[in-house]
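# Per-entry structural report
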Amino acid sequence: MNAQAPVFETPNADAADSWTVAGRRFTSRLIIGTGKYKDYALNAAAAEASGAQIVTVALRRVNLSDPSQPMLVDFVRPDRFTYLPNTAGCFTGEEAVRTLRLAREAGGWDLVKLEVLSNTPHLYPDMEETLRALKLLVSEGFSVMVYCTDDPVYCLKLEEAGAAAIMPAAAPIGSGLGLQNRVNVRLIVEQAKVPVLVDAGVGTASDATVAMELGCDAVLTNTAIAGARDPVRMARAMKHAVIAGREAYLAGRMARRLYADPSSPLGGLI
Amino acid sequence: MIPSPRSSSLQLTLNGEPRAVAAADLAALVAELGLEPRKVAIERNLEIVPRSLYSQTVLADGDRIEIVHFIGGG
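Residues numbered from 1 in each chain as written. Chains lettered and ligands numbered in written order. Predicted model: local features only at pLDDT ≥ 70, side-chain atom pairs only at ≥ 80, totals over all residues. Heavy atoms only, no water.

Counting secondary structure elements, chain B contains one helix and five strands. Taken from the N to the C terminus, the helices and strands of chain B come in the order β-β-α-β-β-β. Looking at chain B as a whole, 42% of its 74 residues are labelled buried. For chain B, the proportion of contacts with a sequence separation of at least 24, taken over those separated by at least 6, is 47%. Summed over its atoms, the accessible surface of chain B is roughly 3,900 Å², and 54% of this surface lies on carbon and sulfur atoms. (Helix = DSSP H or I, 4+ residues; strand = E, 2+ residues; numbered from the N terminus. Buried < 20%, exposed > 50% of the residue type's maximum accessible area, 1.4 Å probe, protein only. Contact = heavy atoms within 4.5 Å. Areas by Shrake-Rupley, 256 points an atom, 1.4 Å probe, with all protein chains shown as cover.)

Written as structure tokens, this is what we have:
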């Protein structure tokens, strides 16, 4: 028998599903960092494998003693990836503004990542200074994606101050501990009218999936990929993890129950 | 020992370090340092200089110049 194969409707989720930040639309829900890689070539290979359309970058002094050393822009090319300049290393609003003005001149766009960290071993954001810096940047015309703690009250203040996206930490930067407070992240997602991204603390693919299942718009990760034994393979895993979490969120998970509910019918037993 | 200054050399603070340069303007400085203008951003005395104005930006003794670029970061 060679009956005609049944035709199933397969909705093209990739084409339909996208998110928008500051007027820019993206189909990948994974943003990756470009720090801590062995070299820029490996970084570029991981970026390609991840399917990410946005990469975070830092701004630093050019090494004038060796101007021929490799440059990020020659590997992770700005014509292939949207650069998201960060303010890592800035501890005040004024430092953040100065850094991002230079980044705007170097790259020519206004979409930036604000991170004003505390000078502590956990590097959690200094939220008072973060909020102040955000207001300065918004007044300068920047579209600011804000790294923050997972405090829903502060997240609301950031949104009211004009944040383009809210990016609560899952756990300390580079810790790989995964999402520590699902309740808070879910509360932040529920209240936010701008995109919510989990940023920092993702350790492996399942952490990214959990964040997406909670309804986050995207996930930002750096060390989980750069610090994996095989960064390119982990980048690929993260790509699928984010898609899986998003699909599960959209599918709507089943209700939890305490006791078993047999999957095979009990009637008609022989 | 301070390198013997050429007739037109300027003493700058370049990325935090003292440096004597022959360049008279920013465009010449970028060339002297072997940098590609489209890959850097420059601040002169805490003011950003747009790339289009490098050749019109005349350097002066004591100028504090910061030249930055994008590197890997999270």
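The discussion continues.
With that settled, consider the overall build of chain A. Counting its secondary structure elements, chain A contains nine helices and 10 strands. Seen through its C-alpha atoms, chain A measures out along the principal axes to roughly 80 × 45 × 35 Å. In chain A, buried positions account for 48% of the 270 residues. In chain A, the share of contacts with a sequence separation of at least 24, taken over all contacts with a separation of at least 6, comes to 66%. Total accessible area computed for chain A in this model is approximately 13,700 Å², and 53% of it derives from carbon and sulfur atoms. The centroid of the 27 positive side-chain charges in chain A is displaced by 2 Å from the centroid of its 29 negative side-chain charges. (Lys, Arg positive; Asp, Glu negative; His and termini not counted. Charge placed at Lys NZ, Arg CZ, Asp CG, Glu CD.)

Residue and element names in this part refer to chain B. Only one face of strand 1 (residues 10-14) is covered, namely the one carrying Leu 10, Leu 12 and Leu 14; the face carrying Gln 11 and Thr 13 has none of its residues buried. Taken together, the five bridges between strand 1 and strand 2 (residues 17-21) define a ladder with antiparallel strand orientation. Across the sheet, residue Gln 11 finds its bridge partner in strand 2, namely Ala 20. Direction of pairing for strand 1 relative to strand 5 (residues 64-72): parallel, over a ladder of two bridges. (Pairing = 2+ DSSP bridges.)

This part is about the environment of Arg 77 of chain A. All names here are of chain A. Topologically, Arg 77 is positioned in the loop between strand 4 (54-61) and strand 5 (82-85). The exposure class assigned to Arg 77 is partly exposed, which follows from its relative accessible area of 40%. Once the C-alpha coordinates of Arg 77 and Glu 94 are considered, the two residues, 17 residues apart in sequence, prove to be 29 Å apart.

Moving on, we get to the packing of helix 2 (residues 40-50) of chain A against helix 9 (residues 231-251) of chain A. Any two packed helices are characterised by how steeply their axes cross, that is the angle between the axes, and by the distance between the axes. All names here are of chain A. Here helix 2 crosses helix 9 at 25°, and the two axes come no closer than 7 Å. Of the possible angle classes, the one that applies to helix 2 and helix 9 is roughly parallel. Judged by the sense of rotation from one axis to the other, the crossing of helix 2 with helix 9 is right-handed. Touching Leu 42, Ala 45, Ala 46, Ala 49 and Ser 50 of helix 2 are Pro 231, Val 232, Ala 235, Arg 236 and Lys 239, all from helix 9. (Axes fitted to C-alpha atoms, helices over the stretch in contact; angles between N-to-C directions. Parallel < 35°, antiparallel > 145°, perpendicular 65-115°, else oblique. Left-handed = near helix turned anticlockwise from the far one by under 90°.)

All right, on to the nonpolar core then. Counting residues in hydrophobic clusters, the biggest one holds 71 residues, and the most contacted among them are Leu 114, Leu 134 and Leu 158 of chain A. When residues in this core are grouped by element, the largest group, six residues, is from helix 3 (residues 93-107) of chain A. Not counting the four nearest positions on each side in its chain, Leu 134 of chain A is found in contact with Leu 114, Val 144, Val 146, Leu 158, Ala 161 and Ala 163 of chain A. Listed in part, the 19 residues of the second largest apolar core include Ala 23, Leu 29, Leu 35 and Tyr 54 of chain B. (Core = buried A, V, L, I, M, F, W, Y, C linked by side-chain atoms within 4.5 Å.)

What follows is about helix 9 of chain A. All names here are of chain A. An ideal rise of 1.5 Å per residue puts 30 Å on 21 residues; helix 9 measures up with 30 Å between its terminal C-alpha atoms. Listed as buried for helix 9 are Pro 231, Met 234, Ala 235, Met 238, Ala 241, Val 242, Gly 245 and Arg 246. Along the long axis of helix 9, the arc covered by the buried residues comes to 125°, so they all point the same way. Along helix 9, the residues that are exposed and aim more than 90 degrees away from the buried face are Arg 233 and Ala 251. (Expected span 1.5 Å × (residues − 1). Arc of directions from axis to C-beta.)

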